[in-house]
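Report on the structure
What follows is the residue order along each chain.
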Amino acid sequence: MASTPNCAIELESLSVDFQTVTVLDRVDCDVQRGEWVSIVGPSGCGKSTLLRCIAGLTKPTRGTVRLGCANPAFVFQDATLLPWRTGFENICLPLELTGNGSHDADQAVQDIARLVGLSTADLQKYPRQLSGGMRMRVSLARALVIAPDALLLDEPFAALDEILRQQLNQELLDIWHGHQITTLFVTHSVAEAVYLGQRVLVMNAKGSVIGEVEIDLPNERHAALRNTVEFHELTARISTMLQEGLR
């Protein structure tokens, strides 16, 4: 269990070695229930590995992961949909695997699909018939259909164009505001990290967390916020930390 009642995720001296290479190096971090924490860092610095450790997909070499959330969900960089299943059937998959695939589950899928902007027609299509944005919406719905108490997102919008990416940022924020799901969001985009997060963790190329920035912006965020002085100051501060972490 996590060390405090309000702590959803706690990492203590978390380290991961792949053969002789240290991918994560003594990461300490805690995430409170309902909080959104963004994570930025250079390619190969262990951001995805950190999420995989929390999800139980990668075993730490040293250190501890403590969870105060019983039902985390993972959204990968790629939509990772089964090509022989429709959108509806892909979203149903977690419910089937947990033995909850019933008529009630059908309604749950319909409700979640509407929440992420999928139409009834979209649900009947196979992945090859959907755009990249729609496939990612299906992937997000598949994670949300189990009513998770924590959401781990590994650069889910990296392959999308900027306009669609910002649209999905806003929709995801709206879902977070409505459900207050504890969220860890990995991204290469400093602007995306600032726009979405309440805090930003900055990692260096050696797999360590070298800084943490509180995002002192209104919780209700809209596109115009990206043009404010405060937003640009925060992105510049984090960008400088990233550059220093490459030295």
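Above this text is the structure in question.
Residues numbered from 1 in each chain as written. Predicted model: local features only at pLDDT ≥ 70, side-chain atom pairs only at ≥ 80, totals over all residues. Heavy atoms only, no water.

Examining the pattern of salt bridges
For the structure shown, the criterion picks out 10 salt bridges. Notably, a salt bridge pairs D17 with R62, separated by 2.8 Å at the nearest N-O pair. In this pair, D17 sits in strand 1 (residues 7-18) while R62 sits in strand 4 (residues 62-67), placing the two residues 45 residues apart along the sequence. E212 is the partner of R199 in a salt bridge, and the nearest nitrogen-oxygen pair spans 3.1 Å. With R199 in strand 8 (residues 199-203) and E212 in strand 9 (residues 209-214), the pair connects residues that are 13 residues apart, well separated along the chain. R199 gets classed as buried once you look at its relative accessible area, which sits at 6%. Of the residues examined, E212 reaches a relative accessible area of 41% and is grouped as partly exposed. Salt bridges sharing common partners tie together E10, E12 and R66. (Salt bridge = Lys/Arg side-chain N within 4 Å of Asp/Glu carboxyl O. Helix = DSSP H or I, 4+ residues; strand = E, 2+ residues; numbered from the N terminus. Buried < 20%, exposed > 50% of the residue type's maximum accessible area, 1.4 Å probe, protein only.)

Concerning unusual backbone geometry
Where the residue is not glycine, phi is negative for most of them; where a peptide bond is considered, it is trans in most cases. Backbone geometry places S13, a non-glycine residue, at a positive phi of 50 degrees. Positive phi, close to 55 degrees, is recorded for A147, a residue that is not glycine. Relative to the elements of secondary structure, A147 occurs in the loop between helix 5 (132-144) and strand 6 (150-154). The exposure class assigned to A147 is exposed, which follows from its relative accessible area of 57%.

A look at the nonpolar core
Counting 53 residues, the largest nonpolar core has L140, L151 and I238 as the members making the most contacts within it. Formed by 24 residues, the second largest nonpolar core is a distinct cluster that contains L11, V31, I54 and A150. (Core = buried A, V, L, I, M, F, W, Y, C linked by side-chain atoms within 4.5 Å.)

Considering the layout of surface pockets
By volume, the largest pocket is sized at about 390 Å³. Lining the largest pocket are 17 residues, with P72, A73, F74, P94 and I146 sitting closest to its centre. Elements supplying a minimum of two residues to the lining of the largest pocket: strand 5 (72-75), helix 2 (87-97) and helix 5. (1 Å grid on protein atoms, 1.4 Å probe; cavity = no way out; pocket = protein on both sides within 12 Å on 5 of 7 lines; lining within 4 Å. Points joined across faces, edges and corners; volume = space filled by probe spheres on them.)

Notes on the side chain of K47
Counting through the fold element by element, K47 comes out in helix 1 (residues 47-55). No salt bridge forms around the buried K47; measuring N to O, its nearest opposite-charge neighbour E155 is 4.8 Å away. With near-sequence residues (within four places) excluded, K47 lies in contact with I39, V40, G41, P42, V186, T187, H188 and M203. (Lys, Arg positive; Asp, Glu negative; His and termini not counted. Contact = heavy atoms within 4.5 Å.)

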